[in-house]
Amino acid sequence: MKTIQQVTDTIIQQGVLPLYFNADETVSIEVLKAIYRAGIKAVEYTHRGDTALNNFKALVQLRNLEMPDLLLGIGTIKNLNQAKEYLQAGADFIISPGFVYEIASYTLSNDIFYGPGCMTPSDIIAAENAGIRFVKLFPGNILGIEFLNSVKDVFPNLLFMPTGGVDATRESIGAWYEAGVCAVGMGSKLISKTLMDRKDYQSIENNTIVVLNLIQTIKNK
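Calculation criteria
Residues numbered from 1 in each chain as written. Predicted model: local features only at pLDDT ≥ 70, side-chain atom pairs only at ≥ 80, totals over all residues. Heavy atoms only, no water. Helix = DSSP H or I, 4+ residues; strand = E, 2+ residues; numbered from the N terminus. Rg over C-alpha atoms; globule rule 2.2 N^0.38 Å. Buried < 20%, exposed > 50% of the residue type's maximum accessible area, 1.4 Å probe, protein only. Contact = heavy atoms within 4.5 Å. Areas by Shrake-Rupley, 256 points an atom, 1.4 Å probe, with all protein chains shown as cover. Lys, Arg positive; Asp, Glu negative; His and termini not counted. Charge placed at Lys NZ, Arg CZ, Asp CG, Glu CD. Pairing = 2+ DSSP bridges. Axes fitted to C-alpha atoms, helices over the stretch in contact; angles between N-to-C directions. Phe/Tyr/Trp six-rings, centres within 6.5 Å; stacked < 30°, edge-to-face > 60°. Lys NZ or Arg CZ within 6 Å of the ring centre and 35° of its normal.

Q: Help me understand the overall build of the chain in this model?
A: On a plain count of helices and strands, the chain comes out with 10 helices and nine strands. Scaling as 2.2 N^0.38, a compact globule of 221 residues should have a C-alpha radius of gyration of about 17 Å, and the chain matches this with 16 Å. Its C-alpha atoms give the chain principal-axis dimensions of roughly 45 × 40 × 25 Å. Across the 221 residues that make up the chain, the buried fraction comes to 52%. Contacts in the chain between residues far apart in sequence, at least 24 positions, make up 62% of those at least 6 positions apart. Summed over all atoms, the accessible surface of the chain reaches about 9,800 Å², with 48% contributed by carbon and sulfur. Here the chain contributes 19 positive and 22 negative side-chain charges, whose respective centroids are spaced 2 Å apart.

This is the structure we're talking about:
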């Protein structure tokens, strides 16, 4: 199990947190291989279907055998029972679409990274008061960059990562970074359903390489 600081550092260094789900175990595995080849060291698989847990266990098995430096997290976690189930299955970190106090309390006391989704200043305050230091702005496409610009000075000790509404372009990613994010979460704009349906893993790998290089260029400018 990785510590909160180790996961935080990996996501910040990488600059993007890819997230995806596919009901097919083989497709899920091949996508993970593709983004790992591209250079991804932290990824969020999402709990969005009946096959999610079994698929995740297969991903953990693959990671343990072939990708020892990969951090494998689980997203769309909405209660503590789900969190414990995936942690027992081998998850390195937990992501939620909203803030769940019970998950925050459990993960913080066990030095496990938890990134809750927050949409309002009240959400962010609740997360901060619980001890959270890394906040997922969700849904990013609804909140927008102006929201972050409006609240970031009120929360100088927090790290922010938008998920949703981040395009794989210099303009979109660059604007979020200019507003002060530490990373961006990217789902279908990076790992699209179309590419997964086509089993076009080479394009997924290539797209990921482009985004990783773009982020490093933006961060180093």
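Q: Explain the sheet that holds strand β6 (residues 117–118) here, please?
A: The strands that make up a sheet are held in pairs by hydrogen bonds between backbone atoms, and each pair lies either parallel or antiparallel. Pairing is parallel in the open sheet, where three strands are placed in the order β6-β7-β8. The sheet is open, and its two edges are formed by β6 and β8 (159–162), each paired on a single side. Where strand β7 (residues 134–137) lies against β8, four bridges are found, and the strand directions are parallel. Bridging across to β8, Val-135 finds its partner in Phe-160. On the sheet, helix α7 (residues 140–151) packs against β6, β7 and β8 and is oriented at approximately 120 degrees with respect to β7.

Q: Explanation requested: the environment of Ser-105 in the structure shown.
A: Of note, Ser-105 is situated in helix α5 (residues 101–109). Each C-alpha atom, one on Ser-105 and one on Leu-80, is 9.6 Å from the other, the two residues being 25 residues apart in sequence.

Q: Any chance you could explain the packing of aromatic side chains here in plain terms?
A: We describe a pair of aromatic rings using the distance from one ring centre to the other and the angle between the two ring planes. Counted under the stated rule, the structure contains six aromatic pairs. With 5.6 Å between their ring centres and 55 degrees between their planes, Phe-21 and Tyr-45 make a pair best called tilted. With a gap of 24 residues between them, Phe-21 in the loop between β1 (16–20) and α2 (25–38) and Tyr-45 in strand β2 (residues 42–46) connect regions that are remote in the sequence. Residue classification places Tyr-45 among the buried positions, given a relative accessible area of 0%. Ring centres of Tyr-45 and Phe-56 lie 6.5 Å apart, and the angle between their planes is 35 degrees; this geometry places the pair in the tilted category. Placement of the pair is Tyr-45 in strand β2 and Phe-56 in helix α3 (residues 52–66), with a sequence separation of 11 residues. Following the ring pairs from residue to residue traces out a cluster consisting of Tyr-20, Phe-21, Tyr-45, Phe-56 and Tyr-86. The ring of Phe-138 has Lys-136 sitting right over it, with the charged end atom 4.7 Å from the ring centre.

Q: What is the right way to look at the side chain of Thr-46 in this model?
A: By secondary structure assignment, the location of Thr-46 is in strand β2. The contact partners of Thr-46, leaving out residues within four places of it in the chain, are Leu-19, Tyr-20, Phe-21, Ala-52, Ile-74, Gly-75 and Thr-76.

Q: Before we go on, may I ask you to explain unusual backbone geometry in this structure?
A: The step from Phe-138 to Pro-139 runs through a cis peptide bond, and the omega angle for that step is -5 degrees. Locating Pro-139 in the fold gives a position in the loop between β7 and α7. Despite not being glycine, Asp-111 has its phi angle at roughly 55 degrees, a positive value. In this fold, Asp-111 is placed in the loop between α5 and β5 (113–115).

Q: Help me understand the sheet that holds strand β3 (residues 71–75) in this model?
A: Strand order in the open sheet made by the six strands is β5-β4-β3-β2-β1-β9, with parallel pairing throughout. Strand pairing shows two members of the sheet lacking a second neighbour, β5 and β9 (184–186), which therefore form its edges. Taking each pair of neighbouring strands and ignoring which way they run, the sheet shows an average axis angle of 25 degrees. Sheet topology places β3 next to strand β4 (residues 93–95); two bridges connect them, and they run parallel. Bridging from a neighbouring strand, Gly-73 pairs with Phe-93 of β4. With respect to the sheet, helix α1 (residues 4–14) is in contact with β1, β2, β3, β4 and β5, its orientation differing from that of β1 by roughly 95 degrees. Packing against the sheet, α2 makes contact with β1, β2 and β3, and its axis sits at approximately 165 degrees to β1.

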